[in-house]
Amino acid sequence: MREIQRLRQEHDEAMRAHPQRNPTLLAELRLLRQRKDELELRMAALQESRRELMVQLEGLMKLLKVGVSIMLVEGSVPSFGLIIIKGFKCKMAHDL
């Protein structure tokens, strides 16, 4: 971000001193703006994907909670089933 601000400042100073005389700086500025736009689009796509994944995760956590509750109520935890749930880490009975 500071690099972009620095380049904008350099561009402004160059344009005041020598209007339209620094095509290299203008080309670099255009490329930076294009790259910024590309990165912003990519970031928006990643944020949307993250939101979708969080919704899926919440749904799966609810299903897991219901499943574990049913198993505990019925007292039917199989020896190969889920034994300990702590955060996102799960231990299987055969691992104990």
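Worth saying up front: this structure is predicted, and the values here are computed from it rather than measured.

J.: What's the story with the pattern of salt bridges in this structure? I'm lost.
T.: Should the charged atoms of two oppositely charged side chains come close, the side chains can pair. Inspection of the entire model under this criterion finds 5 salt bridges. Arg 6 serves as the salt-bridge partner of Glu 10, at 2.1 Å between the closest nitrogen and oxygen. Residue Glu 10 and its partner Arg 6 are both found in helix α1 (residues 2-17); the two are separated by 4 residues, about one turn of the helix. Exposure remark for Glu 10: the relative accessible area of 32% places this residue in the partly exposed category. Taking the shortest distance from any N to any O, the salt bridge between Glu 38 and Arg 35 comes out at 3.6 Å. On the criterion of helical spacing, the pair formed by Glu 38 and Arg 35 is a turn pair, its members being 3 residues apart in helix α2 (residues 23-74). The class of Glu 38 is partly exposed, set by a relative accessible area of 38%. A relative accessible area of 46% means that Arg 35 is categorised as partly exposed. A single network of salt bridges, built from pairs that share partners, joins Glu 3, Arg 6 and Glu 10.

Thresholds applied
Residues numbered from 1 in each chain as written. Predicted model: local features only at pLDDT ≥ 70, side-chain atom pairs only at ≥ 80, totals over all residues. Heavy atoms only, no water. Salt bridge = Lys/Arg side-chain N within 4 Å of Asp/Glu carboxyl O. Helix = DSSP H or I, 4+ residues; strand = E, 2+ residues; numbered from the N terminus. Buried < 20%, exposed > 50% of the residue type's maximum accessible area, 1.4 Å probe, protein only.

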